[in-house]
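The residues making up each chain are set out below.
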Amino acid sequence: MAIRLSSLISALPGCLAQGIVWGIMALGLFITYRVLEFSDLTVDGSFATGGAVTVMMILGGKPVWLAVAAAMLAGILCGLVTGLLHTKLGIAPILAGILTQIGLYSINLHILGNKANQAVSVDKYRLLLSLRHPGTAILVSGLFAAALIGFFYWFFGTEMGSAIRATGCNPNMSKAQGIDINRTIVVALAISNGVVALSGGLMAQYQGFADVSMGRGAIVIGLAAIIIGEVISRAFTRESMNFALRLLFVIVGGIAYYLIMGVALWLRLPTNDLKLFTALIVAAALAIPNLRSRSFGPGKKNGGKGAADHG
Amino acid sequence: MKKAFTVILCLVMLFSAVACGSSGKDAHSKDTFVVGICQLVQHEALDAATQGFKDALTAKLGDKVTFIEQNASGDSATCSTICNQFVSEGVDLIMANATPALQAAAAATGDIPILGTSVTDYPTALDISEADWTGHTGINISGTSDLAPLAEQADMFPELLPDVHNIGILYCSAEANSVYQADVVEEALKALGYSVKRFTFADSNDIASVTASACAESDALYVPTDNAVAAYPETVRNVAVPAGIPIICGEENIAAGCGIAALTISYYDLGMATGEMAAEILAGADVSTMDIRKAPVTKKYNAEICAELGVTVPDGYVAIG
Amino acid sequence: MVDLKKVTKTFHPGTANERRALNGIDLHLDSGDFVTIIGSNGAGKSTMLNAIAGVWPIDSGSISLDGQEISSLPEHRRAALLGRVFQDPMTGTAADMQIEENLALAARRGKKRGLAWYITAGEREEYRQLLSSLGLGLEDRLTAKVGLLSGGQRQALTLLMATLQKPKLLLLDEHTAALDPKTAQKVLEITDQIVSEHKLTALMVTHNMNDAIRHGNRLIMMNNGQVIFDCRGAEKDSLTVEELMEKFAQCAGGALASDRALLG
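Residues numbered from 1 in each chain as written. Chains lettered and ligands numbered in written order. Predicted model: local features only at pLDDT ≥ 70, side-chain atom pairs only at ≥ 80, totals over all residues.

Regarding the confidence of the model for chain A
Residue and element names in this part refer to chain A.
Then, in step 1: Within chain A, residue pLDDT values average 88, and 94% of them lie at 70 or more.
Then, in step 2: Mean pLDDT values over the elements of chain A span from 80, in helix 11 (residues 274-294), up to 96, in helix 3 (residues 64-87).
Then, in step 3: For the stretch residues 300-311, pLDDT sits under 50, and the model shows 13 contacts to residues farther than four places along the chain or on other chains. (pLDDT = per-residue confidence, 0-100. Helix = DSSP H or I, 4+ residues; strand = E, 2+ residues; numbered from the N terminus. Contact = placed C-beta atoms within 7 Å.)

A word on the interface of chain A and chain B
Then, in step 1: On the side of chain B, 48 residues touch chain A, which itself brings 51 residues to the contact.
Then, in step 2: With 10 residues, helix 1 (residues 5-35) of chain A is the single largest residue contributor to the side of chain A that touches chain B.

A word on the interface of chain A and chain C
Then, in step 1: Facing the 23 residues of chain A at the interface are 33 residues of chain C.
Then, in step 2: Elements represented by at least two residues in the side of chain A that touches chain C include exactly helix 6 (159-169) and helix 7 (171-176) of chain A.
Then, in step 3: By residue number, the principal contributor to the side of chain A that touches chain C is helix 6 of chain A, which donates seven residues.

Here we look at helix 12 (residues 267-282) of chain B
Counting along an α-helix, one turn takes 3.6 residues, and residues three or four places apart therefore face a common direction.
Residues and elements named next belong to chain B.
Then, in step 1: Between the first and last C-alpha of helix 12 there are 22 Å, a value that for 16 residues agrees with the 22 Å anticipated at 1.5 Å per step.
Then, in step 2: Those residues of helix 12 hidden inside the fold are in contact with strand 1 (33-39), helix 2 (44-61), strand 3 (93-97), strand 4 (114-119), strand 5 (141-145) and strand 11 (293-294).
Then, in step 3: Looking one or two residues beyond helix 12, the residue adopting positive phi is G284, at roughly 125°. (Expected span 1.5 Å × (residues − 1).)

Describing the packing of helix 1 of chain A against helix 8 (residues 181-207) of chain A
Residue and element names in this part refer to chain A.
Then, in step 1: Close contact between helix 1 and helix 8 brings their axes to 9 Å; oriented N to C, the two are set at 170°. In terms of orientation, helix 1 lies roughly antiparallel with respect to helix 8. You can see that helix 1 and helix 8 cross each other, and the crossing is left-handed. The residues of helix 8 that touch helix 1, namely those facing A17, V21, W22, I24, M25, L27, G28, L29, I31, T32 and V35, are A188, L189, I191, S192, N193, V195, V196, L198, S199, L202, M203 and Y206. (Axes fitted to C-alpha atoms, helices over the stretch in contact; angles between N-to-C directions. Parallel < 35°, antiparallel > 145°, perpendicular 65-115°, else oblique. Left-handed = near helix turned anticlockwise from the far one by under 90°.)

Examining the arrangement of the chains
Then, in step 1: Among the two pairs of chains in contact, the pair with the most contacts is chains A and B.
Then, in step 2: Across all C-alpha pairs, the smallest distance from chain B to chain C is 25 Å, and the two are not in contact.

Overview of the packing of helix 3 (residues 76-89) of chain B against helix 4 (residues 99-108) of chain B
Residues and elements named next belong to chain B.
Then, in step 1: Between helix 3 and helix 4, the shortest axis-to-axis distance is 8 Å and the interhelical angle comes to 45°. Accordingly, the angle class assigned to the pair helix 3 and helix 4 is oblique. Crossing of helix 3 against helix 4: the hand is right-handed. Of helix 4, the residues touching helix 3 (which contributes S76, C79, S80, C83, N84 and V87) are P100, A101, A104, A105, A107 and A108.

As for the pairing of strand 3 (residues 34-39) of chain C
Residue and element names in this part refer to chain C.
Then, in step 1: Burial analysis of strand 3 places six of its six residues in the buried class, which makes it a mostly covered element.
Then, in step 2: Here strand 3 shows two buried faces, one formed by F34, T36 and I38 and the other by V35, I37 and G39.
Then, in step 3: Pairing geometry for strand 3 and strand 8 (residues 202-205), over four bridges, is parallel. Residue V35 lies in a different strand from strand 8, and its bridge partner there is L203.
Then, in step 4: Where strand 3 lies against strand 9 (residues 218-223), five bridges are found, and the strand directions are parallel. Its bridge partner being in strand 9, I37 is matched across the sheet by I220. (Buried ≥ 20, exposed ≤ 12 C-beta atoms within 10 Å, placed from the backbone. Pairing = 2+ DSSP bridges.)

A closer look at the nonpolar core
Then, in step 1: Counting residues in each nonpolar core, the largest one holds 286 residues, and the members touching the most others are C38, C83 and A105 of chain B.
Then, in step 2: When residues in this core are grouped by element, the largest group, 19 residues, is from helix 1 of chain A.
Then, in step 3: Of the residues that make up this core, three or more belong to each of domain 1 (32-146 + 269-296) and domain 2 (150-249) of chain B.
Then, in step 4: Filtering out sequence-adjacent residues up to four positions away, C83 of chain B remains in contact with L131 of chain A together with C38, I94, A104, A105 and A108 of chain B. (Core = buried A, V, L, I, M, F, W, Y, C linked by C-beta atoms within 7 Å. Domains from an automatic or database assignment.)

A word on the sheet that holds strand 4 of chain B
All names here are of chain B.
Then, in step 1: Read from one edge to the other, the open sheet built from six strands follows the order 2-1-3-4-5-11, with strand pairing classed as parallel. The open sheet is flanked by strand 2 (65-71) and strand 11, the only strands paired with a single partner.
Then, in step 2: Sitting on the sheet, helix 12 is in contact with strand 1, strand 3, strand 4, strand 5 and strand 11, with an inclination near 170° to strand 4.

Here we look at the sheet that holds strand 7 (residues 169-173) of chain C
Residues and elements named next belong to chain C.
Then, in step 1: In spatial order, the strands read 6-7-8-3-9-10; together these six strands make up an open sheet with mixed pairing. Because the sheet does not close on itself, it has two edges, and the strands there are strand 6 (82-85) and strand 10 (226-232). Across the sheet, the axes of successive neighbouring strands diverge by a mean angle of 20°, strand direction being ignored.
Then, in step 2: Lying over the sheet, helix 5 (residues 151-163) contacts strand 6 and strand 7, oriented at roughly 175° with respect to strand 6.

Points about helix 2 of chain B
Residues and elements named next belong to chain B.
Then, in step 1: The end-to-end C-alpha distance of helix 2, which contains 18 residues, comes to 26 Å, matching closely the 26 Å that a straight helix rising 1.5 Å per residue would cover.
Then, in step 2: Among the residues making up helix 2, those that are buried are A45, L46, A49, T50, G52, F53, K54, A56 and L57.
Then, in step 3: Remark: G62 follows helix 2 within two positions and exhibits a positive phi of approximately 55°.

Describing the environment of G28 of chain A
Residues and elements named next belong to chain A.
Then, in step 1: Mapping G28 onto the fold places it in helix 1.
Then, in step 2: Residues G28 and N193 lie 165 residues apart in sequence; the distance between their C-alpha atoms is 6.3 Å.
Then, in step 3: In this structure, G28 is in contact with S192, N193, V195, V196 and S199, ignoring residues within four places of it in sequence.

A closer look at the pairing of strand 12 (residues 298-301) of chain B
The side chains of a regular strand alternate between both faces of the sheet.
Residues and elements named next belong to chain B.
Then, in step 1: Bridge analysis of strand 10 (residues 261-264) against strand 12 gives four bridges, and the strand direction is antiparallel. Counted as the bridge partner of A261 is Y301 from strand 12.
Then, in step 2: Bridge analysis of strand 12 against strand 13 (residues 318-319) gives two bridges, and the strand direction is parallel. Note that in strand 13 the partner of K300 across the bridge is V318.

What follows is the structure, given as structure tokens:
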């Protein structure tokens, strides 16, 4: 069948909606990965937990707002577990996340009523967003994204938020300034996974089902969104950006990722190679800033970071 | 660089805004059709079903039908992206191969006819209660089910293995189809007087150890149409055959790998049945009143393993070729 | 003000790397003492500071600060009572955060951190004045990221952060060692200024014998995890580097040989 531009254009809204929802997931991941400098693998599990809790509550007749709030709460609990495994039991960050993720597999199965998969049809229930109506999906997910960016912008300017940022930046200094880094780590993990679970709940509604394996590979997509967003943002300005803009570009990264997927599908790229394609895109996004800073060409504008007067 | 990105971003926003308003469907002339095939994962059974589907439709419509085949590589989220693409391409029919693909297609459109295949239980997959189920969905979805009559599968136990008492059911806990079949077969086996215990594994890494436990506690095993076991039957065989435990399987390929017998359907035939339904729909039939169809069944046995385990095979069974 | 009683700490006990860093050390500081600490490498100087700060628990003994027993408190709890400046200029501040954010963090040391905004307008004014008293031009760059500052500027900032709330004890762990001589002098000047202004009790570890003699009102020398020499007041002021070397040979039975110590 001939490839026509019009079909790419009509696929765009779906790609945008999916991109924003995953961008929200990446926002959650940003808190642990970039702010706290903690590699949190819990997200593969908490994403599915969010989806499972949302779907089961909707199927149970609860209003969709309550279902989404419950999903967030479940995610917060997931983050708490990883945090406690790390701070109280001294388990390394990556391992703590993996342990929670593994345990969540069984828990998610239980939540789904011991089934691997539960459908929630947009024809039967009032959902916040659905693949059926991409325009509404973009609007709803966009509103959630904006609300979250606003919340984070405020939160990381509070004393608690500032303490979390300091913990990620320099844990030793933070301890010397009286910050209980065990507490800040747990709080950050809880908030992060709460947001990831929220995005899982939105995704489950969007795709019309929750599946116990829906979170598999979530961390890869989240990281891809963050990194692609940063690469794009550097095209706009070389100086470091204000926090709210950085968060916005995380969403942009998610959208970019799904646009690229949409184009790949539209070009009839052999779908067996889709994952390889993803890996190549993320590798390119990671490499671009490194290659730039390595080039020994003339004419850099400033001395870059570190240029300072000596007092 | 900055300008390029700004321009691209604006174009994307603009097009999306426009696209939200438009339906994006092309008017195909009545005699050429485009069919989108969304397959969940690369897998022998699913591949066979897709092939059967294409062959049947091509036999009926020849050059008038073209296919867009996409594979989600096991990612349920990718199913949504693929179905979104089909809708925007304005395909005439969507074939969804496996449950998550079917669910994604159902979410993507309420108008375009959807035919599922390699789905065991439609009411479960689509959240239609058993009380309301009449054999057809009443919405734009129909298809074929790979469910071999489960009670008849249970009957194979007394036929082939008159001396067993404890039966273990082995399957992957992540597969909805397997859970469903396990439920039904367990009922049927209990009704026949057997004591039944379930043994589940979370993913392929645990197959060997769980099979070992199952063999230790049972006289014989039943394995439903489970994709994980279907992918690694040798692992199961290497544990069960030395332990002398016969396995009756939900599907021929699994039996060929590790079992003594199966009430089999051929996924290729299943795909062909789906293709024939597709041809009817493209000719004008109403998908919402079409009942879910099943493929014909055959009793098959694995000669080699039956010989190794000393199982006598009665008449009516065909050897797996 | 500060009392260390028979404090012992051994690292890697029971292994080939076992090292007794603090050997039943006893030390008493009066309020207002500004003590410089010298000794050869491995004498236990930084270890003693880390023990007071609570970086790890001590094996035995007790540490008390202003009458309060602190040996069982975790590091972040003791932080409320202490101010610390480290040898590595990178350690004392958060490089990705702004100058005012760092100062605001220090201002809340020991207090409960809630959901109030991280800084108030009044604080900004206060920080501007404090920074201008340093004379380093930082008062106009409150929103600059600390990572852009030079080593000397960062140490001065860390010093300010350590003394923003008058700490019971100021711990300075070779805080000028990584700076060039001119900057090191400037930072020591600021140190003197702040200590005398707030009448702080301070412990300063240094490898530079000249600095050890010129600053503070008391000097102690450590070796093998113990204090081997302690002098204060006029006796300290009249010390020379050669005398210190001799004293060391007497008390420790070896030469205090270190280029850094000798060449200052």
